[in-house]
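# Geometric and topological summary
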Amino acid sequence: MEDQTQHEQAGPEVQKRIQDSFDRQGLMAHLGARITHIGPGRVHIVLPSRSEVTQQHGYFHAGATSAIADGYAAYTLFPEDTEVLTVEYKINLLAPAIGAHIEAVGTVLKAGRTLTVCQLEVFGVTADGERKLVANGQQTLIRVKRPEQ
């Protein structure tokens, strides 16, 4: 994996809020995805290779690749009393996604009061750490008020 020491870590409150939200996503648990880095405006999500997330040729399925790319980078910059929802995203599949795992990196390009735009990159990562860009895209997310519990 990429050396994450070069990336700033988010504060403990933000890390907990992001991880708690991620843990409530049934799809991420079903896929076996996990967050490996939470920084201000940047989140990394890893999906290990296994047959349940592949397509007929043995590559990571585009649906799994896209699902982990739709990430949490914007949410790291939102106030505590808000939530995040995806408005739209576009992803280009650049190469077959193969490796020991894939890693999605979401990075905020422009944080707004209501809408935030993020860059998406997905890398195929071999067992020895070699990385290859397999998908990239862009997404727009909206900040919404957290519903009353």
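Because the structure is predicted, anything quoted here is derived from the model rather than measured.

For the protein chain, the count of helices and strands is 3 helices and 6 strands. Starting at the N terminus and ending at the C terminus, the protein chain contains elements arranged as α-α-β-β-α-β-β-β-β. Here the C-alpha radius of gyration of the protein chain, 15 Å, is about what a compact globule of 149 residues would show, namely 15 Å. Projected onto the principal axes, the alpha-carbon positions of the protein chain cover approximately 45 × 30 × 25 Å. Here the protein chain, with 149 residues, has 44% of them falling under the buried criterion. For the protein chain, contacts bridging at least 24 residues in sequence account for 64% of all contacts bridging at least 6. Distance between charge centroids for the protein chain: 5 Å, based on 14 positive and 17 negative side chains.

Quick look at the packing of aromatic side chains now. Inspection of every chain in the model, using the stated rule, returns 3 aromatic pairs. For the ring pair Phe22 and Tyr72, a centre distance of 6.0 Å and an interplane angle of 65 degrees mean the geometry is edge-to-face. A residue pair is termed long-range when its members are at least 10 positions apart, and Phe22 in helix H1 (residues 12–23) and Tyr72 in the loop between helix H3 (62–69) and strand E3 (82–93) qualify at 50 residues. In terms of burial, Phe22 and Tyr72 fall into one category: buried. A centroid spacing of 6.2 Å and a plane angle of 80 degrees characterise the contact between Tyr75 and Phe78, whose relative ring orientation is edge-to-face.

Now for the pairing of strand E6 (residues 131–145). Bridge count for E3 against E6 is 11 bridges, and the pairing is antiparallel. The residue bridging Thr86 from the neighbouring strand is Leu141, located in E6. Pairing between strand E5 (residues 115–125) and E6: 11 bridges, direction antiparallel. Each residue of the ladder has a partner; that of Glu121, found in E6, is Asn136.

A few words on the nonpolar core. With 36 residues, the main nonpolar core has Leu47 and Ile68 as its most contacted residues. Looking at this core, the element that brings in the most residues is H3, giving 4 residues. Sequence-distant contacts of Leu47, defined by excluding residues within four places in its chain, comprise Leu31, Gly32, Ala33, Val53, Phe60, Ala64, Ile68, His101 and Ile102.

Here the focus is H3. The element H3 is largely enclosed, with a buried count of 6 among its 8 residues. Restricting attention to buried positions, one finds in H3 the residues Ala64, Thr65, Ser66, Ala67, Ile68 and Ala69. Against the buried residues of H3 lie helix H2 (26–31), strand E2 (42–48), E3, strand E4 (101–111), E5 and E6.

Calculation criteria
Residues numbered from 1 in each chain as written. Predicted model: local features only at pLDDT ≥ 70, side-chain atom pairs only at ≥ 80, totals over all residues. Heavy atoms only, no water. Helix = DSSP H or I, 4+ residues; strand = E, 2+ residues; numbered from the N terminus. Rg over C-alpha atoms; globule rule 2.2 N^0.38 Å. Buried < 20%, exposed > 50% of the residue type's maximum accessible area, 1.4 Å probe, protein only. Contact = heavy atoms within 4.5 Å. Lys, Arg positive; Asp, Glu negative; His and termini not counted. Charge placed at Lys NZ, Arg CZ, Asp CG, Glu CD. Phe/Tyr/Trp six-rings, centres within 6.5 Å; stacked < 30°, edge-to-face > 60°. Pairing = 2+ DSSP bridges. Core = buried A, V, L, I, M, F, W, Y, C linked by side-chain atoms within 4.5 Å.

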